[in-house]
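Letter by letter, the chains look like this.
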Amino acid sequence: TGDEATAIIMQSISKLEKSLEIFPDNHNAMVVLASALNAKAFLQHDPEVAKQLFDRSKTNFQKALELDPGNTRYRQLLDAMENAPQLHAQVVAQLQAQGQLGGGGGGGGKGVPGDDDWIYDWLGWGILITGGIALVAALNAKGGAA
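Quick look at the structure, then. (Residues numbered from 1 in each chain as written. Predicted model: local features only at pLDDT ≥ 70, side-chain atom pairs only at ≥ 80, totals over all residues. Heavy atoms only, no water.)

A few points about the overall build of the protein chain
Link 1 in the chain: Of regular secondary structure, the protein chain possesses 7 helices and 0 strands.
Link 2 in the chain: Of the regular secondary structure in the protein chain, the N- to C-terminal order runs α-α-α-α-α-α-α.
Link 3 in the chain: Counting only residues that meet the buried cut, the protein chain has 35% of its 146 residues in that class.
Link 4 in the chain: Accessible surface, the protein chain: about 8600 Å² in total, of which carbon and sulfur atoms supply 57%. (Helix = DSSP H or I, 4+ residues; strand = E, 2+ residues; numbered from the N terminus. Buried < 20%, exposed > 50% of the residue type's maximum accessible area, 1.4 Å probe, protein only. Areas by Shrake-Rupley, 256 points an atom, 1.4 Å probe, with all protein chains shown as cover.)

Put into structure tokens, the structure is as follows:
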């Protein structure tokens, strides 16, 4: 369910933060943490909560770039963060217009089974983005070690 997906993202964030307590200069972990925070932000309805998560994500991308200043992928990810809050606002507005978000009340037209469909869409994108970033980070780390 959507709650389970959110719990998995939260668990990932927690483990990555613990990893960074042990290895504070691990720029790969910072990028994966930033991606997980970004995925969590896109699951939020509240724009203020999402903004706080986007800010944390951006901070981790910035720290990773400071540790590996020549990494163009980190620069691209950091630059992409500039548009994240606006993209989030557009998606939330679209979902509200479709009746999939809102203050409760009269159903969104799809009935109860369809009410949580947006969670799976967002989670899928979040996993895809996080997995892609983790893969790029791992390949960069391997390439840097060679």
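Don't stop here, the text continues.
With respect to the packing of helix H2 (residues 27-42) against helix H3 (residues 47-67)
Packed helices, taken two at a time, are described by the angle between their axes plus the distance between the axes.
Link 1 in the chain: The contact between H2 and H3 brings their axes to 8 Å, and the two run at 165 degrees. One element, H2, and the other, H3, form an angle in the roughly antiparallel class. In this structure, H2 meets H3 at a crossing whose hand is left-handed. Judged by residue contacts, His 27, Met 30, Val 31, Leu 33, Ala 34, Ser 35, Leu 37, Asn 38, Lys 40, Ala 41 and Phe 42 of H2 engage Ala 50, Leu 53, Phe 54, Arg 56, Ser 57, Asn 60, Phe 61, Lys 63, Ala 64 and Leu 67 from H3.
Link 2 in the chain: Along the lines of polarity and charge, the residues of the contact of H2 with H3 split into 13 nonpolar, 5 polar and 3 charged. (Axes fitted to C-alpha atoms, helices over the stretch in contact; angles between N-to-C directions. Parallel < 35°, antiparallel > 145°, perpendicular 65-115°, else oblique. Left-handed = near helix turned anticlockwise from the far one by under 90°. Contact = heavy atoms within 4.5 Å. Nonpolar A, V, L, I, M, F, W, Y, C, P; charged D, E, K, R; others polar.)

Quick word on the pattern of salt bridges
Link 1 in the chain: Inspection of every chain in the model, using the stated rule, returns 4 salt bridges.
Link 2 in the chain: Ionic pairing is found between Arg 56 and Glu 17, a salt bridge with its closest N-O pair at 2.4 Å. Pair noted here: Arg 56 is in helix H3 and Glu 17 is in helix H1 (residues 2-22), with a separation of 39 residues, a long-range link.
Link 3 in the chain: The exposure class of Glu 17 is partly exposed, given its relative accessible area of 30%.
Link 4 in the chain: Here Lys 51 makes a salt bridge to Asp 55, at a shortest N to O gap of 2.9 Å. Of the two residues, Lys 51 and Asp 55 both sit in helix H3, 4 residues apart, roughly one turn of that helix. (Salt bridge = Lys/Arg side-chain N within 4 Å of Asp/Glu carboxyl O.)

Focus on the packing of H2 against helix H5 (residues 84-97)
Link 1 in the chain: Where H2 contacts H5, the axes come no closer than 10 Å and their chain directions differ by 30 degrees. Compared by their axis directions, H2 and H5 come out roughly parallel. As H2 packs across H5, the resulting crossing turns out to be right-handed. Residues Asn 38, Ala 41 and Phe 42 of H2 lie in contact with H5, whose contacting residues are Ala 84, Leu 87 and His 88.
Link 2 in the chain: Residue composition of the contact of H2 with H5, by class: 4 nonpolar, 2 polar and no charged.

Quick notes on the packing of aromatic side chains
Link 1 in the chain: Evaluation of the coordinates by the stated rule reveals 1 aromatic pair.
Link 2 in the chain: For the ring pair Phe 42 and Phe 54, a centre distance of 5.2 Å and an interplane angle of 75 degrees mean the geometry is edge-to-face. Of the two residues, Phe 42 sits in helix H2 while Phe 54 sits in helix H3, which places them 12 residues apart along the sequence. Each member of the pair, Phe 42 as well as Phe 54, carries the same accessibility label: buried. (Phe/Tyr/Trp six-rings, centres within 6.5 Å; stacked < 30°, edge-to-face > 60°.)

So yeah, pure geometry; function would need other evidence.
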